[in-house]
Each structure stands twice: as structure tokens, then as C-alpha cells.
Amino acid sequence: MEQDAGLEAAAALFKVLGSASRLRLVRLLAAEPAGVTHLVASTGMSQPLVSQHLGTLRAAGIVTVARAGREALYSISDDHIAHVVDDALTHVLEEDATHQGEEP
């Protein structure tokens with residue numbers, strides 16, 4: 001069906017973004033390109049874990065890497081990704097605010 005075009009690709013995108021650690025990295029990289037050392041310091045994750053997540057994001061086409069001397073600088077490949085993450089956060093924070101006033 002024509003209206004289903006892209007659903008599988010969108011589902012794959014959401015699967016990759018289905019990690020709080022990867023979302024954190026996306027938000028940091030949306031603000032500015034960064035190297036692994038900076039991302040490790042900013043997130044508190046280990047270097048191997050940051051590298052693993054960056055590899056997953058890169059394989060999905062969400063981030064790109066460019067060499068700056070000896071350092072690899074990662075950046076968001078498309079601003080749409082940052083908007084998707086920001087919209088999702090806005091949605092869940094609005095939901096939290098709405099439900100805080102309700103009694104269980």
C-alpha cells in the first residue's frame with residue numbers, strides 16, 4: 001500500500017533510537033559536533049560504550065564522522081533526527097505534566 005511506504009524504515013529508525021544512551025548522544029551532537037573524548041566526559045559512559053553507540057548510530061545513517069587531525073568528530077547527519085528526538089521528549093514531558101495532577 002502506498003500509505004505504508006517508509007514504515008519499515010521508520011520502524012528501524014525508532015528501534016535504533018530506542019536507547020536513552022543513544023538519545024543522549026543524539027542530543028549532544030545536535031548541539032555541536034564532538035569527539036568521543038568529549039562525549040565520554042559529557043555522558044559519564046565508558047569510552048567503549050560511547051564508541052559502540054556511535055557505531056550503531058553511524059550504521060543507521062543518523063550520525064556522520066569527519067576526521068580533524070587525529071580525532072574523529074561526530075555530527076548529526078540530518079536535522080530531522082534532532083527534531084524527532086526533541087518532539088518525543090516534548091511529548092513525554094507534556095504527558096508527565098498532565099498525569100502529575102491525576103490521582104491513581
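Now for a quick tour of the structure. (Residues numbered from 1 in each chain as written. Predicted model: local features only at pLDDT ≥ 70, side-chain atom pairs only at ≥ 80, totals over all residues. Heavy atoms only, no water.)

1. Observations regarding the overall build of the protein chain
As a reminder, the rule being used: Helix and strand labels come from DSSP, where a helix needs a run of H or I of at least four residues and a strand needs a run of E of at least two; each type is numbered from the N terminus. Burial status follows relative accessibility: with a 1.4 Å probe on protein chains alone, a residue under 20% of its type maximum counts as buried, one over 50% as exposed, and anything between as partly exposed. Residues count as neighbours in contact if any of their non-hydrogen atoms are within 4.5 Å of one another. Shrake-Rupley sampling with a 1.4 Å probe provides the accessible areas, and residues are treated as covered by the protein chains on show and by no other component. Counting rule applied: Lys, Arg positive; Asp, Glu negative; His and chain ends not counted. Note on charges: their place is set at NZ of Lys, CZ of Arg, CG of Asp or CD of Glu.
Each helix and strand counted, the protein chain has five helices and two strands in total. When the helices and strands of the protein chain are placed in sequence order, the string is α-α-α-α-β-β-α. A principal-axis box enclosing the C-alpha atoms of the protein chain has dimensions of 55 × 40 × 20 Å. Expressed as a percentage of its 104 residues, the buried residues of the protein chain come to 26%. Here the analysis covers contacts within the protein chain between residues at least 6 apart in sequence; of these, 51% occur between residues at least 24 apart. Element-wise, carbon and sulfur atoms account for 54% of the exposed surface of the protein chain, whose accessible area totals about 7,100 Å². Taking the 7 positively charged and 14 negatively charged side chains of the protein chain as two groups, their mean positions are separated by 19 Å.

2. Quick look at the pattern of salt bridges
Heads up, the rule is: The working definition used for a salt bridge is a side-chain nitrogen of Lys or Arg within 4 Å of a carboxyl oxygen of Asp or Glu.
Tallied over the entire structure, the rule returns one salt bridge. For D86, the salt bridge is made with R27, and the minimal N-O distance between the two is 3.9 Å. Of this pair, D86 sits in helix α5 (residues 79–100) while R27 sits in helix α2 (residues 20–31), and the two are 59 residues apart along the sequence. The partly exposed category is assigned to R27, whose relative accessible area is 48%.

3. Remarks on the environment of A97
Among the structural elements, A97 can be located in helix α5. Given the relative accessible area of 52%, A97 is considered exposed.

4. Some thoughts on the pairing of strand β2 (residues 71–76)
Rules: Here the rule is simple: two strands pair whenever DSSP picks up at least two bridges between them.
Sheet analysis places strand β1 (residues 63–68) next to β2, joined by six bridges and oriented antiparallel. Bridging across to β2, V63 finds its partner in I76.

5. Things to note about the nonpolar core
Our working definition: Nine residue types can take part in a nonpolar core, namely buried Ala, Val, Leu, Ile, Met, Phe, Trp, Tyr and Cys, and a core is a set of them joined through side-chain atoms within 4.5 Å.
The biggest cluster of nonpolar side chains holds 19 residues, and the ones touching the most others in it are V26, L29, L54 and I62. Every element with two or more residues in this core is listed here: α2, α3 (36–43), α4 (47–59), β2 and α5. Filtering out sequence-adjacent residues up to four positions away, V26 remains in contact with L17, L57, I62, I76, I81 and V85.

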